Amino acid sequence: MIREHTFLSSSQDNFRFLRDQYGYAVSDKRLDPGKPWGDGAIEFYSSKVSLQVQKDRGAFIVLIRPINEPDISEMSLSWILRALSVSERVVLPGEVAPTEYDSVLKINAQLLKTHCVSIVGGDFSSWLSILEFYVKEAKKGYFARTGKKIPDRIHQSLEEYIASKKSKGYYP
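Predicted, not measured: the structure shown is a model, and the values here were computed from it.

Caption draft 1: Local environment of the environment of leucine 111. Turning to its location among the elements, leucine 111 is positioned in helix α4 (residues 101–115). Along the sequence, leucine 111 and valine 86 sit 25 residues apart, while their C-alpha atoms lie 9.3 Å from each other.

Caption draft 2: Spotlight on the packing of aromatic side chains. Tallied over the entire structure, the rule returns eight aromatic pairs. Centroid distance phenylalanine 17 to tyrosine 22: 6.5 Å. Interplanar angle 80 degrees. Geometry classified as edge-to-face. With 5.1 Å between their ring centres and 85 degrees between their planes, phenylalanine 60 and tyrosine 101 make a pair best called edge-to-face. Linking phenylalanine 60 in strand β4 (residues 59–66) with tyrosine 101 in helix α4, this pair joins segments that are 41 residues apart in sequence. Take phenylalanine 60 and tyrosine 101: they sit in the same class, and that class is buried. Put simply, the rings of Phe15, Phe17, Tyr22 and Phe44 pair up and form one aromatic cluster. Positioned above the aromatic ring of phenylalanine 7, the side-chain terminus of lysine 55 is 6.0 Å from the ring centre.

Caption draft 3: The pattern of salt bridges, seen in detail. Applying the stated criterion across every chain yields a total of nine salt bridges. Linking glutamate 159 and lysine 139 is a salt bridge whose minimum nitrogen-to-oxygen distance equals 2.6 Å. Taken together, the residues span a long stretch of sequence, with glutamate 159 in helix α7 (residues 156–168) and lysine 139 in helix α6 (residues 127–146) at a distance of 20 residues. Judged by its relative accessible area of 32%, lysine 139 falls in the partly exposed class. A salt bridge links lysine 149 to aspartate 152, with the shortest nitrogen-to-oxygen separation between them at 2.9 Å. Overall, lysine 149 belongs to the exposed group, its relative accessible area being 62%. Given the relative accessible area of 52%, aspartate 152 is considered exposed.

The rules behind each value
Residues numbered from 1 in each chain as written. Predicted model: local features only at pLDDT ≥ 70, side-chain atom pairs only at ≥ 80, totals over all residues. Heavy atoms only, no water. Helix = DSSP H or I, 4+ residues; strand = E, 2+ residues; numbered from the N terminus. Phe/Tyr/Trp six-rings, centres within 6.5 Å; stacked < 30°, edge-to-face > 60°. Buried < 20%, exposed > 50% of the residue type's maximum accessible area, 1.4 Å probe, protein only. Lys NZ or Arg CZ within 6 Å of the ring centre and 35° of its normal. Salt bridge = Lys/Arg side-chain N within 4 Å of Asp/Glu carboxyl O.

The analysis is restricted to geometry; functional conclusions fall outside its scope.
As structure tokens, this is what we get:
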């Protein structure tokens, strides 16, 4: 029988390297025990990085952002990997059954360990280029799907954030 806490315990086990190697702590754990397919989240953080593993109806997303920066600066592991030209070789599973949670979380943790060591360690020197890649690809994808330019308001806040950081000449 699958237990409701499998997501949280598996997340803590698979992302243990964050605590062991980088000194991360866990700040938030949420899961509705009555809904094993429902939403859940666990947040790991260091002095420089916030990393959240979310479960939404059996699919997982890993979100990363610099500490003390707004949510608009948050980026998913899948987009980070694409920006680093990694995702062409890697397929992140979508929605999976509870019996597959551990293996999918293991894949996400391994991708993070293999390709995002500097970011996990708090080096955000490439962050603006990752955010810019996301905006550019999102606009390009929207145009490819619809034949129309994406409305400016869609990425306006993120583009303003990027411009603000560029004007200061640094990233935290």
